[in-house]
Amino acid sequence: MSLLNTLTKGIGASALALAMMAGTALADPVTIRVQSVISAKADEVKMLQEFADDVAALTADDPVTIEILPAGAVVGVRETLDAVDKGLVEGGFAWTHYWSGKHPAAMLFGSPVAGAGVGIDNIAFLSWFQYGGGKELYDRLWDEMGVNVKGFMLQPVGPEALGWFKEPITSMDDFRKYRFRTPPGIPGQTYKDIGVASVAMGGGDILPALEKGTIDAAEWCCPKPDSVFGFQKVLKHYYLQGLHQVVVNADLYINGDVYDSLTDHQKKALEVAANASLSKAMSYRILENGKALKDLTENHGVQLHDTPADYFPEYMNAARATLEKNAEENEFFAEVWQSQKDFAEIAVPFWAGSQASNAALGKAFADSLK
């Protein structure tokens, strides 16, 4: 077979013809190794693979292959972003609030506590990010951090559940009796500010700590990931409504030099696949969490409760105070938060009213199943 026929068969006649007419060579295949910060079995990695498959399909004529590496494959979890910055690995995958130690505004993109204190839920957050100026600020975040990185927001994870308890809680006074595993950073500090004995620890330490009695209540995420963790083996009282991480986003980071070396078409493919991932990840989690919650309550003796009403104003007020403090101390944090507040003034009154109808509709059906 001639070289021309071989090329035509491998990459498609139309792409070859265009390249030859333009007098340019086709782009070299690109492989981007992406180290995750979580287990390869996690739902987030499953959805990351779907994103990688979409990128591969969109770049069939100038291939970009995303190779997913497990946590710790190249560097430790905490060094993931630094490794991407230095080019030790081409990409990383994590929740951007992991890097709040580099810049406090990372929290406003990865996990804006209590809906940024202005009522932004996970769907409204996407509206702010895609059409309310959020993406432009997100693109500036990496320079503010001082890292050579291009970020792509991929997976809205929230809203996260309040968590798991040994006994029912009916008030904040009950809540304060527990030593409670929380996320690090501002969400966990906000619990401390309202008098909860907040203990930050990594995911792998939670179940052993519960079994040993080091802590006696905990949160991680949502019904599906929580059931995979095995909370139901040691705790039976579950509360879905929480404010600490109403919005949580998992992101892809690509080394800036690697990203700049891509063709315009390859860059657009990453952007299109990322936008698709935002929708697909949310859709996937609604069904998977629903299946998990049904299994927990029907097969594992888990009792589902409503969160005590006094939790919401206490946590919200403390969260706003913490956000205001950070805004006073950091100019870029203040700029991002102001953008979220400006968006909320326009969008949240409409969206909250609409969601009230949606919640009433869903609750009416859910109650009919009891």
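Residues numbered from 1 in each chain as written. Predicted model: local features only at pLDDT ≥ 70, side-chain atom pairs only at ≥ 80, totals over all residues. Heavy atoms only, no water.

Draft legend 1. Looking closely at the pairing of strand E2 (residues 64-69). In this structure, strand E1 (residues 30-36) lies alongside E2, joined through 6 bridges in parallel fashion. What sits directly across from Arg33, in E2, is Glu67. Note that the unit made of E1, helix H3 (residues 43-58) and E2 has a crossover that is right-handed. (Pairing = 2+ DSSP bridges. Helix = DSSP H or I, 4+ residues; strand = E, 2+ residues; numbered from the N terminus. Right-handed = clockwise from strand over helix to strand, strands pointing away.)

Draft legend 2. The layout of surface pockets, seen in detail. What the largest pocket holds in volume is close to 2,000 Å³. For the largest pocket, the lining is made up of 48 residues, of which Pro159, Leu240, Gln241, Leu293 and Ala359 are closest to its centre. At the level of elements, helix H6 (113-119), helix H7 (122-131), helix H14 (264-299), strand E11 (303-305), helix H15 (311-329) and helix H16 (331-368) are the ones that each hand at least two residues to the lining of the largest pocket. Per-class residue counts for the lining of the largest pocket are 26 nonpolar, 13 polar and 9 charged. Computed from the structure, the second largest pocket encloses a volume of approximately 1,100 Å³. Taken together, 40 residues line the second largest pocket, and the ones lying closest to its centre are Ile38, Trp95, Tyr98, Gly203 and Trp220. (1 Å grid on protein atoms, 1.4 Å probe; cavity = no way out; pocket = protein on both sides within 12 Å on 5 of 7 lines; lining within 4 Å. Points joined across faces, edges and corners; volume = space filled by probe spheres on them. Nonpolar A, V, L, I, M, F, W, Y, C, P; charged D, E, K, R; others polar.)

Draft legend 3. Quick look at the sheet that holds E11. As summarised here, the arrangement of the 6 strands in space is E7-E6-E8-E5-E9-E11, forming an open sheet in which the pairing is mixed. Of all strands in the sheet, those with a lone pairing partner are strand E7 (197-200) and E11, marking the two edges. Relative to strand E8 (residues 217-218), strand E5 (residues 163-165) runs antiparallel, the two being bridged by 2 bridges. From the neighbouring strand, Trp164 faces E8, where its bridge partner is Ala218.

Draft legend 4. The arrangement of the side chain of Gln35 in detail. Structurally, Gln35 is set in strand E1. For Gln35, a relative accessible area of 0% gives the class buried. Reaching out from Gln35, the side chain makes a polar contact with the backbone nitrogen of Val74 at a distance of 2.8 Å. (Buried < 20%, exposed > 50% of the residue type's maximum accessible area, 1.4 Å probe, protein only. Polar contact = N/O pair within 3.5 Å; in protein donor to acceptor, adjacent residues only side chain to side chain.)

Draft legend 5. Representation of the packing of aromatic side chains. Scanning all chains against the criterion turns up 27 aromatic pairs. Ring plane angle 25° and centroid distance 4.1 Å describe the contact between Trp164 and Tyr238, whose orientation is recorded as stacked. On the criterion of sequence distance, the pair formed by Trp164 in strand E5 and Tyr238 in strand E9 (residues 237-239) is long-range, its members being 74 residues apart. In this pair, the class of Trp164 matches that of Tyr238, namely buried. Each ring, one from Tyr191 and one from Tyr315, has its centre 4.7 Å from the other, and the planes form 55°; the classification is tilted. Separated by 124 residues along the polypeptide, Tyr191 in helix H10 (residues 186-193) and Tyr315 in helix H15 bring together distant segments of the chain. For the pair formed by Tyr191 and Tyr315, the shared burial category is buried. (Phe/Tyr/Trp six-rings, centres within 6.5 Å; stacked < 30°, edge-to-face > 60°.)

Draft legend 6. Molecular detail of the nonpolar core. If you look at the biggest cluster of nonpolar residues, it comprises 92 residues, and the most contacted ones within it are Phe51 and Phe175. Here this core gets 7 residues from one element, more than from any other, and that element is H16. Grouped together as the second largest cluster of nonpolar side chains are 15 residues, Ala161, Leu207, Ile215 and Leu235 included. (Core = buried A, V, L, I, M, F, W, Y, C linked by side-chain atoms within 4.5 Å.)

Draft legend 7. Structural detail: H10. Looking only at H10, the buried set comprises Ile186, Pro187, Gly188, Thr190 and Tyr191. Turning to H10, the residues buried within the fold contact helix H5 (106-110), H6, helix H9 (172-175), strand E6 (179-182), E7 and H15. Phi turns positive one or two residues past the end of H10, at Gly195, with a value near 90°. (Contact = heavy atoms within 4.5 Å.)

Draft legend 8. Looking closely at the sheet that holds E1. Across the sheet, 5 strands lie side by side as E2-E1-E3-E10-E4; this open sheet has mixed pairing. In this open sheet, the two strands that pair with only one neighbour each are E2 and strand E4 (149-156). Within this sheet the neighbouring strands show an average axis-to-axis angle of 25°, counted without direction. Taken together, the 5 bridges between strand E3 (residues 91-95) and strand E10 (residues 249-255) define a ladder with antiparallel strand orientation. Looking at the pairing, Ala94 lines up with Asp251 of E10. Sheet strands in contact with helix H8 (residues 134-145) are E4 and E10, and its direction is about 130° off that of E4. Helix-sheet contacts for H14 involve E1, E2, E4 and E10, and the interaxial angle to E4 is about 25°. (Axes fitted to C-alpha atoms, helices over the stretch in contact; angles between N-to-C directions.)

Draft legend 9. Layout of the pairing of E6. As paired elements, E6 and E7 share 4 bridges and run parallel to each other. By the bridge assignment for E7, Arg179 is matched with Ala197. Taken together, E6, H10 and E7 constitute a β-α-β crossover, and its handedness is right-handed. With 2 bridges joining them, E6 and E8 adopt parallel strand pairing. Bridging from a neighbouring strand, Arg181 pairs with Ala218 of E8.

Draft legend 10. Expanded view of the side chain of Asn249. Tracing the backbone through its elements, the reader meets Asn249 in strand E10. By relative accessible area, Asn249 is classed as buried at 1%. A polar atom in the side chain of Asn249 sits 3.0 Å from the backbone oxygen of Phe109. Ignoring any residue separated from it by four or fewer positions in sequence, one finds Asn249 in contact with Ala94, Trp95, Thr96, Phe109, Gly110, Phe125, Met153, Gln155 and Pro156.

Such coordinate-based values are descriptive only and should not be taken to indicate function.
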